[in-house]
Amino acid sequence: MQYLEKYEDQMVRCYYCQLCQATCPVYLEDLLETHVARSRLNLIHAAFIEGILPVTDRMKEILDRCLLCTSCTRTCPGGVALDEIFIAARHQIYQGKRRGKVRRYLTHQAMKQRGIKGLMGKLKPLADSMGLSSKDLPEPDPNPFEDRYQDVIPAKGQQRARVAYYVGCATNTLYPETAESVVRVLSRNGIEAVLPEGLVCCGLPALADGDIETAQEMIRANITALADLDVDAVVTDCTSCGMVFRTKAVSMLPDDDPLRSKAEALAEKVWEATDYINRMGLVESPGPLSQAVTYHVPCHAGLMETMAEAPRRLLKEIPQTDLVEMESPNGCCGAGGSFFTEHRDLSERIRSRKLENIKTTGTNTIITQCPSCRYYLSAADESYEVIHPLTLLNRAYEG
Amino acid sequence: MSQLIKGEPGKRYLLMGNEAIARGALEAGVNVATGYPGTPSSEIIESLAKVSQQRRVYVEWSANEKVAIEVAAAASFSGLRSMAVMKQNGVNVASDFLLHLALSGTRGGMVLVPADDPGALSSINEGESRQFARLLEVPLLEPGDFQEAKDMTKWAFELSEELRHLVMLRSVTRLSHASGSVVLGDLPDTSGHAYFKHDGFVLDPMEGTVASAPVAYKHGLQHEKLKQVQAIFEDSPFNTYTGPESPELLIITSSICGLYCLEAIRLLNAADRVGILKLGTTWPLPPNLIEKYLTRADKVLIVEEVIPFLEENVKILTAELALKIGIKSILGKRDGLLPMENELNPDIVLGAVASLLDKKYQAVPLEYTKRATEVAFFGAPNREVTFCPGCPHRASFWSIHTALQLDARQGFVCGDIGCYTLAVLPTGYSTLKTLHSMGSGTGLASGFGQLHAFGMDQPVLSVCGDSTFFHAAMPALFNAVHHKADIIMVVLDNSGTAMTGFQPHPGRPVDASGNKVPDIDIPAVCRSLGAEVRVCDPFELEKTQETLLELMEMEEGVKVLVLRQICGLSPEKKMKKMFDMSLDQDKCLGETCGCNRLCTRIFRCPGLIWDEEKKKARFDEVICVGCGVCASICPAGAITKEKAA
């Protein structure tokens, strides 16, 4: 009850208004009373606080069948941090051992060591242990971002700011060109980017497993690497990494953790790169790019209002680029980090709604800030090009 | 709620409106409290029951509201303070006695607390108890917040005692069921000695016969009391005015609407233009007080919920005062500015006030409304009202529905009030075809059951719950038996007043305070009347259906089938599984089920779900209560049950 206890007061703030039902992507597919945030909360309360329900396989199934998309948390008028409660419940159930020994070891190693020798080097054995074919997972780039750039990327022209760039694991190894776009766009707009040493995974995959202790290790390592840097901001290209730094780092650390105050200070300084660039304003005007694009808002962008609006604003700056809004741009794509590897059928059903909405826009270019959304959407249809907003901006700059 | 009596006087506590009313009664030294459960009133009696021993209060859940008020009146006649509590519908039931009580007068302080339900959130009508104050000619008090709920309850007893007249204190859902801070007062000594003095001069109100006759004389006394109370109301601290000396707009309001008005004025930033006269004493209105404020403004808005009760009474006064105060524009419901149905809220009040002040104010941002509509209509999936998993009513209606189908004479069921009311909907296979007040199902059936003389050959059934049986279905049953109506009355006995929170009734072996009491056996009552009586467990589908068909075959006369199975949510049964259920997905026919997926599409217990991935049915073990009924439903025999350990 170590972590759930903290949320006991919050749990009773649910007053069964059912608004989470309108936004939960899993409920929308399953239409089952037990598959919505409110019910999960009730089950958690009954099993762990009241102790009147046994923890059965079915209960584990229900608590695992959640993408941690945070749509319920964002909808909840009572302000219940449902996603964090689900994480704490998973911790309670699995005590950090949700996955088998081998997979735990591999994941742990992968999260600690970044780059091709870390996450992606372990991808094959991980996929094997999950019974996935390589077709189900993205192909790592043989030349990850960390091998392409090191230390400092100076600002072009007059320096307006100095930022630390936190490259997410997936961007680093799967989509290094995104990271390259980020540093080029930053530089072009007078922002110096520092690539700090000692960064590890943000910890979200561990949180999804309920492995709070491992996540704390990651969070502490990243805070240690980032907190004392002499920078104006910390930017990341991934909305999920951004969410962890912004909201989860503080709530997941123990109250008496020595790094807590640093985590709090850091939370104020972290920005998703698009959001940061938009905030700073463009120094150099981009050239024309004649195309229509649509914007898929990643779920974890929802925790900061400006995160979702920034790409829309920046796209307006690119001449001849039309943003065609899809129906429900905030709707989940079904990926949920690695959720789709374990709930294939459900994820595909969630994704099919998204694909239909994309289809009606008539464009094949989709902008999104989350590498998991990016992979999962592009895997659905080879004709789709799914890219980070700053990749598009960089193209507009470089012609 | 221990703080109800443990809280320190003078200190502030968070109390639910209903608890505040209960505390007020305790501070007044109430000795007898009665009621019949009904949302939103139930917690008042429940709170008092919990402290009945310590505070020396006799508390009972009466058989119905009329009996409740009679029991409370007896205490008043004997010099004790008493109260009767009910939801608004209960006042209808009690109204016959009430009209006589208003004439006969009371002795010990006696308070009637009706809790109204504007918007019918937990009711099937939107009736109003305020009308009754005028009809019965009794003083009406309406608390506007939680502190007033307590203070006015205490005052109501004192007022009643001063007048020797019943006093009505009306609450509404948003006061009864919301919570707010209340500064507690002192609790008196738990004294109180009962003695009914009846041998004095026959017309002496304190020593003679307590009766409504001679009517004209007693009615005259009653009108004296009303004049007396009007004078008291003129100076009541519960009538308050906030606003400028001469407001551009005067709002007259009462009850929880007072808070809506305050909020609206604050949002409009119009405190310098609008005055609010919040009345705690709304019938009879204090004329001098109203005159004082009417002279200060020409435009008056009356803010109240549902019927224009206050509006009409103010208009009468305005007409009477016209020569003195001139012509006033009294706005509210009759001109369509405010709705005559459903609850109000600050936004609705704000809209009306803004239009009168020529202010532009969008209470809810348009973008929000648009988005909310989108989510509500396009985002949120349709979700049906349903019986709980393993609810005995689902099994009962499955059997009733099946028996009527097999009988094939277009038989039908007259519905009644309880959880089983839901059987007008698909969750009860749309079995109920009439639905009115408590006990009316069997009354209607008694009427339908006479129509065979006019060629009706449809089987006539009625249902009622165990609490409803005692409340109002018994006279209808007597009528049906006496007149040989050809009906089957099905008593859905789930051992308690389930819908309102398992309050006991005369069929239960405990009373409101938990004392052991004699329980009345429903089948025995029915048998004693000469009805043909059967008792079944609704979870045994086959036996229940056979019994129903057998009863439908019988000669004319009243047949009673008691379907007895305790509610799965009752404290006695909660979390106890009767059966361990299992479902063999290899045997489940899935979409090819010849019965159109009987279990998940038609029977539809939430404990059975459709496995979208395997395209088979499965159990949702976390909510299945193990009633075992679905094992008899599956045509493929895929579902099996085993007695739980």
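Residues numbered from 1 in each chain as written. Chains lettered and ligands numbered in written order. Predicted model: local features only at pLDDT ≥ 70, side-chain atom pairs only at ≥ 80, totals over all residues. Heavy atoms only, no water.

Undergrad: Would you mind showing me how to read the layout of surface pockets here?
TA: With a probe scaled to a water molecule rolled over the atoms, the places where space remains empty come into view. Space inside the second largest pocket adds up to approximately 1800 Å³. Elements with a contribution of two residues or more to the lining of the second largest pocket: α2 (19-23), α3 (25-30), α6 (71-75), α19 (305-317) and α21 (344-359) of chain A together with α15 (366-379) of chain B. In terms of residue count, the dominant contributor to the lining of the second largest pocket is α15 of chain B (10 residues). Looking at side-chain class alone, the lining of the second largest pocket contains 22 nonpolar, 10 polar and 13 charged residues. (1 Å grid on protein atoms, 1.4 Å probe; cavity = no way out; pocket = protein on both sides within 12 Å on 5 of 7 lines; lining within 4 Å. Points joined across faces, edges and corners; volume = space filled by probe spheres on them. Helix = DSSP H or I, 4+ residues; strand = E, 2+ residues; numbered from the N terminus. Nonpolar A, V, L, I, M, F, W, Y, C, P; charged D, E, K, R; others polar.)

Undergrad: Sorry, what's going on with helix α17 (residues 260-269) of chain A here?
TA: Residues spaced three or four apart along an α-helix face the same direction, because each turn holds 3.6 residues. All names here are of chain A. Within α17, burial applies to Arg 260, Ala 263, Leu 266 and Ala 267. Take α17 and look down its axis: the buried residues cluster within an arc of 115°, on one side only. Residues of α17 that are buried in the fold lie against α15 (212-226), β4 (233-236), α16 (239-252) and β5 (270-272). (Buried < 20%, exposed > 50% of the residue type's maximum accessible area, 1.4 Å probe, protein only. Arc of directions from axis to C-beta. Contact = heavy atoms within 4.5 Å.)

Undergrad: Would you mind showing me how to read the sheet that holds strand β9 (residues 385-387) of chain A here?
TA: Backbone-to-backbone hydrogen bonds pair the strands of a sheet. The strands run either parallel or antiparallel. Residues and elements named next belong to chain A. Spatial ordering of the open sheet is given by β7-β6-β8-β9, a layout of 4 strands whose pairing is parallel. Whereas interior strands pair on both sides, the edge strands pair on one side only; in this sheet they are β7 (321-323) and β9. Averaged over all pairs of adjacent strands, the angle between their axes in this sheet comes to 30°, without regard to strand direction. Of the strand pairs in this sheet, strand β6 (residues 291-295) and strand β8 (residues 365-367) are connected by 2 bridges, and their pairing is parallel. The partner of Thr 294 across the bridge, within β8, is Ile 366. Lying over the sheet, α19 contacts β6, β7 and β8, oriented at roughly 170° with respect to β6. (Pairing = 2+ DSSP bridges. Axes fitted to C-alpha atoms, helices over the stretch in contact; angles between N-to-C directions.)

Undergrad: Quick question: what am I supposed to make of the pairing of strand β20 (residues 532-536) of chain B here?
TA: It is a general feature of regular strands that their side chains alternate between the two faces of the sheet. Residue and element names in this part refer to chain B. As defined by bridge partners, β20 adjoins strand β21 (residues 558-564) across 5 bridges and the pair is classed as parallel. Along β21, the bridge assignment pairs Cys 536 with Leu 563. For the handedness criterion, the β-α-β arrangement of β20, helix α20 (residues 541-553) and β21 is classed as right-handed. (Right-handed = clockwise from strand over helix to strand, strands pointing away.)

Undergrad: Looking at this model, I keep getting lost on the interface of chain B and chain A. Mind explaining?
TA: Facing 15 residues of chain B, the contacting portion of chain A comprises 22 residues. Across the chain B/chain A interface, buried area totals approximately 1600 Å², and carbon plus sulfur atoms make up 61% of it. Contact with chain A buries surface across chain B, with Arg 383, Glu 613 and Val 622 of chain B losing the most and accounting together for 36% of the total. A salt bridge links Glu 33 of chain A to Arg 383 of chain B, with the shortest nitrogen-to-oxygen separation between them at 2.8 Å. Scanning the region where chain B abuts chain A turns up 6 residue pairs in polar contact (both at pLDDT 80 or more). Elements represented by at least two residues in the side of chain B that touches chain A include exactly α15 and β24 (616-619) of chain B. Grouping the amino acids of the side of chain B that touches chain A by side-chain chemistry returns 8 nonpolar, 1 polar and 6 charged. (Buried area = accessible area lost by both parts, 1.4 Å probe. Salt bridge = Lys/Arg side-chain N within 4 Å of Asp/Glu carboxyl O. Polar contact = N/O pair within 3.5 Å; in protein donor to acceptor, adjacent residues only side chain to side chain.)

Honestly, it's all geometry; don't read function into it.
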